[in-house]
Amino acid sequence: MISFTSVTKQYGAQILFVDASLQVNPGEKVGLVGPNGAGKSTIFRLITGEEAPDDGQVDRPRRMTLGYFKQDAGDMRGRPVIEETMAGAGEVGDLAVEMKHLEERMSHAGDDLEEAVHRYGEVQPRYTELGGYDLEPRARSILAGLGFAAEQVDRDVGELSGGWKMRVALARILLGAPDALLLDEPTNYLDLESIVWLEAFLKAYQGAVVMTCHDRDVMNRVVKKIIEIDGGQVRSYTGDYEFYERARAEEAARREAEYSRQQAMLAKEIRFIERFKAQAAKAAQVQSRVKKLDKIEKIEPPKRIVEKTFDFRPVPRSGDDVLDVKGATKQYGQKVVHRGVDWLVRRAERWCVLGENGAGKTTLLKMIAGVLAPDAGSLRVGASVSMGYYAQHQMEQLTADRTVLEELQHHAPLANLGTLRNLAGAFSFHGDDAEKPIRVLSGGEKARLALAKILFDAPNFLVLDEPTNHLDMVTKKALVKALASYEGTIVFVSHDRAFLRAISTRVLELTKAGPNAFGGGYDEYVKSTGQEGPGMRALD
């Protein structure tokens, strides 16, 4: 279906891959993995034809349809969400728009009436053949799955935030049902319920799927093949993400063992040569071993995977009652978000806050952090509590003209430079990366920098709103490891199920009827409710 044969691609001095071959078969679900800058997005552009290989061949059937979702929603405005979604659904979407215009022309009898009627007679059969009359119900179903309320669907798409426009862009592509879906981080702007819905949609999808995704659960449940791009090489593994990790670790161990064995053999031969090279009686043996060494194909030192690590400094002990919420109420206009919330957070507890769209998760965290005041009731922070608050808006508060290191120096002016460089390095800003201006950083890099500032402060109460957004799997793993040894208290919101399972020891579920507290972590919550998220019950 899609094949790369001996493909080479580079940009200037940067070689992405050399002599790379891969294949995507009809209906196959494939995950693309590799470090940032390895060439995952380039693979997508080579498939779509936006770029050409420097050498080799990229083949795909001429009549094959593609849907490519990337991190750019484009300019959407001027029509309802439902129309914007249908308009991007490939040929059937184009026909739907044309039919609407033709119907408007036919409703106003004019000189071009006969031409409009004739064209309508050509368009309508094709529209019917492609299932056009089911298009709007399908569009509404997909939009509902991606978290849109019924009243949002008929509003102007221009009123939406950037994240919600990304959901519209994804809905357009899913609605088009192309032969192959190319999805670049499709879960970045989705909540938990929408991710679970998308996961089920992709598993049932009849076409091929090629995707990058930082959500471990999605990769494990959807993809059946992993294509890894790293160090100029492309390798394929048949299995899910966990299988790929095991296979990669086994390969690394095998290569390490082969390299070590050869190094030991070479050292032994070199010792013999050095010892006897001056003895005439051993000259023939020495010469033989020199020739043997010259002929041996040297094994390259294996690339060792360097795991990211960052550790919290020891945090001061807080009082036993870290947060006491009594009768907290918050509303916006006529919409009541929270009514009379009572909640006690004790030292060393790790609460994840769950709730479907509009349940008030972020509002609750903002009230805890003091960014918002409750309309009634109180939220009291306990004795000796120092709070660190992480939210997406803090990425926007980074100073664009400062470098990474300058931002850390401004945050901690009394810290020595070596300490701050070590901190930057722990969050993958090595060497010259620490001198990058913030304006050129990606979303993931900005998130890491904002988290680094919190880590330096070593608060004993962390309030985290979607801390894993825009983080790759390696950085998420390092964050989980750091939080596992953190001795303070955590309240957090996340849509990443692997993160929820690893960190939470308590669950606060926000529902329309009020909050429900669960004594165990996320796994216990799922067993207790039978659902992975509060909104899933409403969808059943």
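Now for a look at the structure at hand.

Thresholds applied
Residues numbered from 1 in each chain as written. Predicted model: local features only at pLDDT ≥ 70, side-chain atom pairs only at ≥ 80, totals over all residues. Heavy atoms only, no water. Helix = DSSP H or I, 4+ residues; strand = E, 2+ residues; numbered from the N terminus. Buried < 20%, exposed > 50% of the residue type's maximum accessible area, 1.4 Å probe, protein only. Contact = heavy atoms within 4.5 Å. Areas by Shrake-Rupley, 256 points an atom, 1.4 Å probe, with all protein chains shown as cover. Salt bridge = Lys/Arg side-chain N within 4 Å of Asp/Glu carboxyl O. Axes fitted to C-alpha atoms, helices over the stretch in contact; angles between N-to-C directions. Parallel < 35°, antiparallel > 145°, perpendicular 65-115°, else oblique. Left-handed = near helix turned anticlockwise from the far one by under 90°. Nonpolar A, V, L, I, M, F, W, Y, C, P; charged D, E, K, R; others polar. Pairing = 2+ DSSP bridges. Expected span 1.5 Å × (residues − 1).

## Looking at the overall build of the chain
Along the chain, the regular secondary structure elements total 19 helices and 18 strands. Dimensions of the chain, computed from C-alpha atoms along their principal axes, come out at roughly 110 × 75 × 45 Å. Burial analysis of the chain (540 residues in total) assigns 48% to the buried set. Taking contacts inside the chain between residues at least 6 apart in sequence as the whole, the part at least 24 apart equals 66%. Counting every atom, the chain has about 26400 Å² of accessible surface; 49% of that belongs to carbon and sulfur.

## Observations regarding the pattern of salt bridges
Evaluated as defined, the whole model comprises 46 salt bridges. Here Glu245 ties to Arg216 by a salt bridge, and the two come within 2.1 Å at their closest N and O atoms. A residue pair is termed long-range when its members are at least 10 positions apart, and Glu245 in helix α9 (residues 241-276) and Arg216 in helix α8 (residues 216-222) qualify at 29 residues. Using a relative accessible area of 25% as the deciding quantity, one classes Glu245 as partly exposed.

## Details of helix α11 (residues 361-369)
All of the buried residues in α11 are Lys361, Thr363, Leu364, Leu365, Met367 and Ile368. Within two residues after α11, Gly370 carries a phi angle of roughly 85°, on the positive side.

## Topic: the packing of helix α13 (residues 404-411) against helix α15 (residues 443-457)
Contact pair α13 / α15: the axes reach a minimum separation of 11 Å and the direction vectors enclose 30°. The pairing of α13 with α15 is recorded here as roughly parallel in orientation. Of the two possible hands of crossing, α13 and α15 adopt the one that is right-handed. Contacts from Val404, Glu407, Leu408 and His411 in α13 reach Leu449, Ala452, Lys453 and Asp457 in α15. Each residue belonging to the contact of α13 with α15 can be placed in one class, and the counts come to four nonpolar, one polar and three charged.

## Some details on the sheet that holds strand β10 (residues 321-332)
An order of β11-β10-β13 is seen for the three strands of this open sheet, with the pairing classed as antiparallel. Single-partner strands in this sheet number two, and they are β11 (335-346) and β13 (376-381). On average, adjacent strands in this sheet sit at an angle of 15° to one another, irrespective of strand direction. Pairing geometry for β10 and β11, over eight bridges, is antiparallel. Directly across from Tyr332, in β11, lies its bridge partner Lys335.

## Quick look at the pairing of strand β12 (residues 350-354)
For a regular strand, side chains alternate in direction, first toward one face of the sheet and then toward the other. For β12, the tally of buried residues reaches five of five residues, placing the bulk of the element in the interior. Neither face of β12 is open: one carries Arg350, Cys352 and Leu354, the other Trp351 and Val353, and all of them are buried. Note that β12 and strand β16 (residues 489-493) share three bridges and pair parallel. Directly across from Trp351, in β16, lies its bridge partner Val491. Here β12 runs beside strand β17 (residues 506-511); their pairing, made up of four bridges, is parallel. What sits directly across from Val353, in β17, is Leu508.

## Brief notes about the packing of helix α14 (residues 417-426) against α15
At a closest axis distance of 10 Å, the pairing of α14 and α15 adopts a crossing angle of 130°. By the angle between their directions, the pair α14 and α15 is classed as oblique. When the axes of α14 and α15 are compared, the crossing they make is right-handed. In this structure, α14 uses Thr419, Leu420 and Leu423 to contact α15, whose residues at the interface are Ala452, Leu455 and Phe456.

## Description of the sheet that holds strand β8 (residues 225-230)
Spatial strand order, β5-β6-β7-β3-β8-β9: six strands in an open sheet with mixed pairing. Strands with a single pairing partner mark the edges of an open sheet, and in this sheet they are β5 (66-69) and β9 (233-238). The sheet shows a mean angle of 15° between the axes of neighbouring strands, direction not considered. Relative to strand β6 (residues 180-184), β5 runs parallel, the two being bridged by four bridges. Counted as the bridge partner of Phe69 is Leu183 from β6. Contacts from helix α6 (residues 162-176) reach β5 and β6 within the one sheet, and its direction differs from that of β5 by about 170°.

## Overview of helix α7 (residues 192-204)
Spacing of three or four residues puts side chains on the same side of an α-helix, whose turn is 3.6 residues. Taking 1.5 Å as the rise per residue, α7 with 13 residues should run 18 Å; its terminal C-alpha atoms sit 19 Å apart, in good agreement. Those residues of α7 that sit buried are Leu192, Glu193, Ser194, Ile195, Val196, Trp197, Leu198, Glu199 and Leu202.

## Considerations on the side chain of Arg350
Mapped onto the fold, Arg350 is located in strand β12. Not counting chain neighbours up to four residues away, the residues in contact with Arg350 comprise Leu483, Ala484, Tyr486, Ile490, Ile503, Ser504, Thr505 and Arg506.

Distances and angles like these do not, on their own, reveal function.
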